[in-house]
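As a plain string of letters, each chain reads:
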Amino acid sequence: MMLKKTFLLVAISLLIVSCKKELKKVKLSGPIFGTFYDINYFSEDNATYQREVDSLFTVINKSMSNYQDNSDISKVNKHILDSVDKHFINVFKTSKTIYKETKGVFDPTIGKLVNAWNFGSEYNKTRLDSLKIDSLMRYVGFDKISLKDNKLTKQSPKPYIDFNAIAKGYAVDVIGEFLESKDIENYLVNIGGELRGKGINVEKKSGWTVGIENPNFDGTQSYDQIFVLKDKSMATSGTYRKFKIDEKGNRYAHIINTKTGYPTKTNILSVSIIADTCAEADGYATAFQAMGIETVKRFLEKHPELKAYLIFENNENKLETLVLNNFPLN
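Below: a short report on this structure. (Residues numbered from 1 in each chain as written. Predicted model: local features only at pLDDT ≥ 70, side-chain atom pairs only at ≥ 80, totals over all residues. Heavy atoms only, no water.)

**Brief notes about the pattern of salt bridges**
Move 1: Within this structure, the stated rule accounts for eight salt bridges.
Move 2: Ionic pairing is found between K232 and D276, a salt bridge with its closest N-O pair at 2.6 Å. One end of the pair, K232, is in strand β9 (residues 232-238); the other, D276, is in the loop between β13 (268-275) and α8 (278-291), and 44 residues separate them in sequence.
Move 3: You can call K232 partly exposed: its relative accessible area is 27%.
Move 4: Within the structure, one salt-bridge network assembled from shared partners comprises D173, E180, R196 and K198. (Salt bridge = Lys/Arg side-chain N within 4 Å of Asp/Glu carboxyl O. Helix = DSSP H or I, 4+ residues; strand = E, 2+ residues; numbered from the N terminus. Buried < 20%, exposed > 50% of the residue type's maximum accessible area, 1.4 Å probe, protein only.)

Shown next, in the form of structure tokens:
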């Protein structure tokens, strides 16, 4: 009798295994947000969610793109709209947290200065001087904007909002959460180098292999580090593609100092942050570019949930790297 039961259990197990569908890899890619997206996931039914992904990108652009005149954020900046959608609200709240934690180093209301220095969505033909910069600084201060329910309230002079330093990471999270809602357990979402990975690369039976680019000023692409990203998000902020050089040869980052209104002079070339969400990683990576190495070290001592990898130039103009909070290099 025991023998018959054993045979029966074996037969049932074989039937379950044979009925289980094989996971198939699906890849979606294309241009978005002035860069690219590359989405890889494994699905039992080989489902292609291209239409749904395109729809999500459209909604996010409509909410927060400073490059679209009819987007919600453009209307907010023209002071003709104060009611915003859930995506705007989510990014606003995350931005407010990072703003407070970094004591204003991360500040989405720096947008007028970003545009004035021609790093943003609007081209400025006017030569900047200290008086012009001081005038624009009156509009800076994320504490001048409050949100209740879905309504924004601004103090005067009313600030200009720019979520470009965090919106791309947020979009990565939105796509990841959508895939999870479809019971996708293994995926990697990549939007312009901002990443969110879950599970494994089933084909290789290992975690998702990702890389951190070398800071190549000539525009070429090579990788400084290759490692596995699993069940986390990563964002990288670099100053080696968008920068200005003054008459003395000093290089200034495209990230504007929120205290002075001038581009940040920094020896940090690249900051990669691993966090639970890509929006957080994106925002903190931007802030750390402007904070300086010693300030970043002190900050991360109080934030063990954030892991960091920095590439910077030392006093001899040679590249050095810094690993903080056990960034998971191989």
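**Quick notes on the pairing of strand β3 (residues 145-148)**
Move 1: Across four bridges, the pairing between β3 and strand β4 (residues 151-154) is antiparallel. Following the sheet pairing, I145 is matched in β4 by K154.
Move 2: With antiparallel pairing between neighbouring strands as the criterion, β3 and β4 make up a hairpin whose turn holds two residues, including D149 at a positive phi of roughly 60 degrees. (Pairing = 2+ DSSP bridges.)

**Digging into the nonpolar core**
Move 1: I39, Y41, F88, F163, L179, F288 and L310 are the most contacted members of the largest nonpolar core, which totals 64 residues.
Move 2: Excluding residues that lie within four positions of it along the chain, I39 makes contacts with V26, K27, L28, V53, I175, L179, L188 and V189. (Core = buried A, V, L, I, M, F, W, Y, C linked by side-chain atoms within 4.5 Å. Contact = heavy atoms within 4.5 Å.)

**Quick notes on the packing of aromatic side chains**
The relation between two aromatic rings is expressed through the spacing of the ring centres and the mutual angle of the planes.
Move 1: Considering all chains together, one arrives at 14 aromatic pairs under this definition.
Move 2: Judged by centre distance (5.7 Å) and plane angle (85 degrees), the ring pair of Y99 and F142 falls under edge-to-face. A residue pair is termed long-range when its members are at least 10 positions apart, and Y99 in helix α4 (residues 86-101) and F142 in the loop between α6 (130-137) and β3 qualify at 43 residues. Summarising the burial analysis for this pair, Y99 and F142 share the class buried.
Move 3: Between W117 and Y262 the ring centres are 5.8 Å apart and the planes differ by 50 degrees, which places this aromatic pair in the tilted class. (Phe/Tyr/Trp six-rings, centres within 6.5 Å; stacked < 30°, edge-to-face > 60°.)

**So, the packing of helix α7 (residues 167-181) against α8**
Move 1: Running from amino to carboxyl end, α7 crosses α8 at an angle of 165 degrees, the nearest separation of the two axes being 7 Å. Here α7 is positioned roughly antiparallel relative to α8, judged by the angle of their axes. Pair α7 / α8 crosses with right-handed handedness. Residues A167, K168, G169, Y170, V172 and D173 of α7 form the contact with α8, whose participating residues are C278, A279 and D282.
Move 2: For the contact of α7 with α8, the residue count by class is five nonpolar, one polar and three charged. (Axes fitted to C-alpha atoms, helices over the stretch in contact; angles between N-to-C directions. Parallel < 35°, antiparallel > 145°, perpendicular 65-115°, else oblique. Left-handed = near helix turned anticlockwise from the far one by under 90°. Nonpolar A, V, L, I, M, F, W, Y, C, P; charged D, E, K, R; others polar.)

**Quick notes on the pairing of strand β2 (residues 35-43)**
Move 1: As paired elements, strand β1 (residues 24-32) and β2 share nine bridges and run antiparallel to each other. In the strand pairing of β2, S29 is matched with D38.
Move 2: If you look at the hairpin formed by β1 and β2, you'll find two residues sitting between the two strands, and F33 has a positive phi there, around 55 degrees.
Move 3: The pairing of β2 with strand β5 (residues 187-191) spans five bridges and is antiparallel. Looking at β5, one finds that N40 is bridged to L188.

**Quick word on the side chain of N40**
Move 1: With respect to the helices and strands, N40 occurs in strand β2.
Move 2: Under the relative-accessibility criterion, N40 is labelled buried at 9%.
Move 3: Separated by 3.4 Å, the side chains of N40 and D38 make a polar contact.
Move 4: Those residues within four positions of N40 in sequence are excluded, and the remaining contacts are K25, V26, K27, N186, Y187, L188 and W208. (Polar contact = N/O pair within 3.5 Å; in protein donor to acceptor, adjacent residues only side chain to side chain.)

Geometric descriptors of this kind do not, in isolation, establish any biological role.
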